[in-house]
Amino acid sequence: MPRFALVIEYHGAPFAGWQRQKDQPSVQESLERALRRLDGTVGSIAAAGRTDAGVHAAGQVAHADLVREWEPFRLSEALNWHLKPEPVAVVHAARVPDDFHARFSALERRYLYRVVERRAPLVHENGLAWRVGRRLDVEAMRAGAAHLLGRHDFTTFRSSICQADSPVKTLDALEIEAEDRGLAGREIRFRLRARSFLHNQVRSFVGTLERVGAGAWPPERVRDALEARDRAACGPVAPPDGLSLVGVGYPPEFGLPG
C-alpha cells in the first residue's frame, strides 16, 4: 500500500487536540474522516506531535497508507474538499517510502509561541496569541532562556500527565524576538527547536519566562527552577492560544519541506 506524508495546517480552537478522543472533536479524527471518504480501508494515522487542546499548527506532519496510488497534489485537493468547513488544510502531500514514519523519522520539531503586549483585547488575532497587558523585558527573558538550552532533566517543565519515558531532553534553540507594531501592540515571538518536547514543555517555558519579563522573577530563578526538578518550581503555564507547531524536520531522502 502506498504511503503518503501530509503536511497539515489547523486552527486548534475547536479541537480537544490532535489525538482522537471519545466524544470530543480532534484534528486526527477530522483528517481520518476525510481520508476514509477517499479510501474506506484507512485506519488510525500517526502524526509528528500530539498538540494539545487549542494549540495550532502550520507544519504538522502525518502519514497514511492508501490502497491506490494518488498524484500527491490531487490527494491534497481531494482531502481539502472533504475537510471543509473545518479549520484544517493539507498544504502539501508527498509519496514517501514504506519506512517513513511521521513521528519516529523526525529529526526535530519547531514551535512558535506568540505574545502580544497591549491593553486592548485582541480582535483579528484573538485565539492566535497570548495578550499580556504589561511591557515585558525581552533582554531579561533572553537571560532566563539561556539557562534552558542544552541537555537537561526538564521535570520542572513537564506536565504531571506526560507519558514520555524520560524527562531528559535537549533544547537546541530558544530565540526571543520583539517587533513593535504600533497600535496593534508589540509582538514577542518565542521560537523553539528540539528533536522532541515533553507534554506542556513549551507553554511551561513561556509562562515561566513571562514572569521574568514582568519583573516578578530574576533570570537566575529559571536556572533554580530547572535544577529543582520539581513541577512546583515552574511558573504558570502559558495558555494554548499562542502556540503553533510550525515545522518538522526529516532526513533529506524523504524529500519533505521543512
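All values reported here derive from a predicted model rather than from experimental measurement.

### Remarks on the overall build of the protein
Along the protein, the regular secondary structure elements total five helices and 10 strands. For a compact globule of 258 residues, the expected C-alpha radius of gyration is about 18 Å, and the protein comes in at 19 Å, within 12% of that figure. Along the three orthogonal principal directions, the C-alpha set of the protein runs to about 60 × 40 × 35 Å. In the protein, which comprises 258 residues, the proportion classed as buried is 52%. A gap of 3 Å separates the mean positions of the 36 positive and 33 negative side-chain charges of the protein.

### Here we look at the side chain of Arg158
Along the chain, Arg158 turns up in the loop between β7 (150-153) and β8 (168-180). An unpaired buried charge is present at Arg158: no salt bridge exists, and Asp153, the closest side chain of opposite charge, is 6.6 Å distant. Setting aside anything within four residues of it in sequence, one finds Arg158 in contact with Gln163, Ala164, Asp165, Ser166, Pro167, Leu198, His199 and Arg231.

### Notes on the environment of Val116
Mapped onto the fold, Val116 is located in strand β5 (residues 108-117). For Val116 and Val96, which are 20 residues apart along the polypeptide, the C-alpha to C-alpha distance reads 39 Å. When neighbours within four sequence positions are excluded, Val116 is seen to be in contact with Leu122, Glu125, Ala129, Trp130, Arg131, Val132, Arg181, Ala184, Gly185, Arg186 and Glu187.

### Structural notes on the side chain of Glu125
Note that Glu125 resides in the loop between β5 and β6 (130-132). With relative accessibility at 18%, the residue Glu125 sits in the buried group. In contact with Glu125, other than residues within four places in its own chain, are Arg114, Val116, Arg181 and Glu187.

### Topic: the pattern of salt bridges
Inspection of the entire model under this criterion finds 24 salt bridges. Across the pair Arg33 and Glu29 runs a salt bridge, and its minimum N-O distance is 3.9 Å. Taken together, the residues Arg33 and Glu29, both in helix α1 (residues 27-38) and four residues apart, mark about one turn of the helix. Judged by its relative accessible area of 30%, Glu29 is partly exposed. Of the charged contacts, one joins Glu187 and Arg189 as a salt bridge, the two residues approaching to 3.1 Å between their closest N and O atoms. Using a relative accessible area of 5% as the deciding quantity, one classes Glu187 as buried. When salt bridges that share partners are traced, they join Arg114, Glu125, Glu177, Glu179, Arg181, Glu187, Arg189 and Arg191 into one network.

### Examining helix α2 (residues 72-83)
Between the first and last C-alpha of α2 there are 16 Å, a value that for 12 residues agrees with the 16 Å anticipated at 1.5 Å per step. Taken together, the buried positions of α2 are Leu75, Ser76, Ala78, Leu79 and Leu83. Taken around the axis of α2, the buried residues stretch over an arc of 165 degrees, which confines them to a single face. Pointing more than 90 degrees away from the buried face of α2 are the exposed residues Arg74 and Trp81. Where the residues of α2 are buried, they touch β1 (3-10), α1 and β4 (88-96). Sitting at the head of α2, Glu71 places a side-chain oxygen 3.0 Å from the backbone nitrogen of Phe73.

### Let's talk about the state of the cysteines
Tallying each qualifying case throughout the model produces zero disulfides. The closest cysteine sulfur to the non-disulfide-bonded Cys162 is located on Cys234, 13 Å from its own sulfur. Classification of Cys162 by relative accessible area gives buried; the value is 15%.

### Describing the nonpolar core
Grouped together as the largest cluster of nonpolar side chains are 75 residues, with contacts concentrated most on Leu31, Leu174, Phe190 and Tyr250. The element that contributes the greatest number of residues to this core is β1, accounting for six residues. Filtering out sequence-adjacent residues up to four positions away, Tyr250 remains in contact with Ala48, Val61, Phe100, His101, Ala102, Ser105, Ala106, Leu107 and Leu256.

Conventions used here
- Residues numbered from 1 in each chain as written.
- Predicted model: local features only at pLDDT ≥ 70, side-chain atom pairs only at ≥ 80, totals over all residues.
- Heavy atoms only, no water.
- Helix = DSSP H or I, 4+ residues; strand = E, 2+ residues; numbered from the N terminus.
- Rg over C-alpha atoms; globule rule 2.2 N^0.38 Å.
- Buried < 20%, exposed > 50% of the residue type's maximum accessible area, 1.4 Å probe, protein only.
- Lys, Arg positive; Asp, Glu negative; His and termini not counted.
- Charge placed at Lys NZ, Arg CZ, Asp CG, Glu CD.
- Salt bridge = Lys/Arg side-chain N within 4 Å of Asp/Glu carboxyl O.
- Contact = heavy atoms within 4.5 Å.
- Expected span 1.5 Å × (residues − 1).
- Arc of directions from axis to C-beta.
- Polar contact = N/O pair within 3.5 Å; in protein donor to acceptor, adjacent residues only side chain to side chain.
- Disulfide = S-S within 2.5 Å.
- Core = buried A, V, L, I, M, F, W, Y, C linked by side-chain atoms within 4.5 Å.

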